[in-house]
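The chain contents come next:
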Amino acid sequence: MELFEAIRRRYSYRGAFEDKEVPREDLKKIVEAGLKAPSGVNGQTTTFIIVDDLVLVREIGMMHLKNRALREARALIACVIDRKPEAIYEGYSFQIEDCAAAVENMLLAITALGYGSVWIDGWLRLEGRAEKIGGLLGVPAEKIVRVILPVGVPVEEGPRKDKKPFGERAWFNSWSRAIK
Ligand SMILES: Cc1cc2nc3c(=O)[nH]c(=O)nc-3n(C[C@H](O)[C@H](O)[C@H](O)COP(=O)(O)O)c2cc1C
């Protein structure tokens, strides 16, 4: 799929998945796209756990009953960063940004390969979920699961969010709603 088509087609899918496995070859392609993402000072700080053991996938999915995509996913990709990211450049850490860049690359790869997914991050921050999932996946204590991407073949087209038009969020040369 052409890049701009993948960008246009990507959206957060939280619906049902078909009962079809996601081949490891595709999962590796998706994570390769994450590995290729830019990172602050080329720190390459995010690590990835590809979960395709259905028992584990279901155990994690059952923690989020409201999100059907997570419940019915055939695989998950867990993105792991340091619990207390160290400064890498002039007192700044870029681990969250590194992780986000990798996630977006992977979401585009997921879309291009015909799968659906949703960026699960906020949900992980509550009620010790990131720690619990980290425990299931053998993540060391000094690391934390920052994002999870469920992966599967969508059964249907889910609802799409409207995006604000260009002129409301982007301008040439000056921050202003008035300049065209
Ligand atoms: C940093 C971040 C955290 C997110 N956390 C969650 C989450 O925990 N659960 C969820 O269902 N969606 C989550 N999302 C997905 C957003 O809700 C979604 O991207 C947004 O509503 C726009 O919809 P779209 O992805 O279809 O364009 C997250 C997205 C981002 C970028």
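Further up the page is the structure itself.
Here we summarise the structure given alongside this text. All figures in this text were calculated on a predicted structure; none of them were measured in a lab.

**Brief notes about the environment of A141**
Okay, so step 1: Position of A141 relative to the elements: it lies in the loop between helix 6 (129–136) and strand 3 (143–151).
Okay, so step 2: Between the C-alpha atom of A141 and that of D82, which follows or precedes it by 59 residues, the distance is 9.2 Å.

**A look at the site of the ligand**
Okay, so step 1: Y11, S12, R14, N67, V118, W119, I120, D121, G122, W123 and K161 make up every residue found near the ligand.
Okay, so step 2: A class-by-class count of the residues in the shell around the ligand yields five nonpolar, three polar and three charged.

**Considerations on the environment of L108**
Okay, so step 1: With respect to the secondary-structure elements, L108 resides in helix 5 (residues 95–112).
Okay, so step 2: Linking L108 and R10, residues 98 residues apart in sequence, is a C-alpha distance of 6.5 Å.
Okay, so step 3: When residues no more than four places from it in sequence are discounted, the contact partners of L108 are A6, I7, R10 and A33.

**Some remarks on helix 5**
Okay, so step 1: The terminal C-alpha atoms of helix 5, which comprises 18 residues, lie 26 Å apart, in line with the 26 Å expected from a rise of 1.5 Å per residue.
Okay, so step 2: Taken residue by residue, helix 5 has Q95, D98, C99, A102, V103, M106, L107, A109, I110 and T111 as its buried positions.
Okay, so step 3: Looking at the buried side of helix 5, the elements it contacts are helix 1 (3–9), helix 2 (24–35), strand 2 (75–82) and strand 3.
Okay, so step 4: The positive-phi residue at the C-terminal boundary of helix 5 is G114, with phi of around 90°.

**Considering the sheet that holds strand 2**
Okay, so step 1: If you walk across this open sheet you meet the three strands as 1-2-3, and the pairing is antiparallel. Sheet topology places strand 1 (47–51) and strand 3 at the edges, where each strand pairs with a single neighbour. The mean inter-strand angle of the sheet, taken between neighbouring strand axes irrespective of direction, is 25°.
Okay, so step 2: One ladder, built from five bridges, connects strand 1 with strand 2; its direction is antiparallel. Within strand 2, the position partnered with F48 by the bridge is C79.
Okay, so step 3: In this fold helix 2 packs onto strand 1 and strand 2, with an angle of close to 165° to the strand it touches most, strand 1.
Okay, so step 4: Packed on one face of the sheet, helix 6 meets strand 2 and strand 3 and runs near 85° to strand 3.

Basis of the calculations
Residues numbered from 1 in each chain as written. Predicted model: local features only at pLDDT ≥ 70, side-chain atom pairs only at ≥ 80, totals over all residues. Helix = DSSP H or I, 4+ residues; strand = E, 2+ residues; numbered from the N terminus. Near = placed C-beta within 6 Å. Nonpolar A, V, L, I, M, F, W, Y, C, P; charged D, E, K, R; others polar. Contact = placed C-beta atoms within 7 Å. Expected span 1.5 Å × (residues − 1). Buried ≥ 20, exposed ≤ 12 C-beta atoms within 10 Å, placed from the backbone. Pairing = 2+ DSSP bridges. Axes fitted to C-alpha atoms, helices over the stretch in contact; angles between N-to-C directions.

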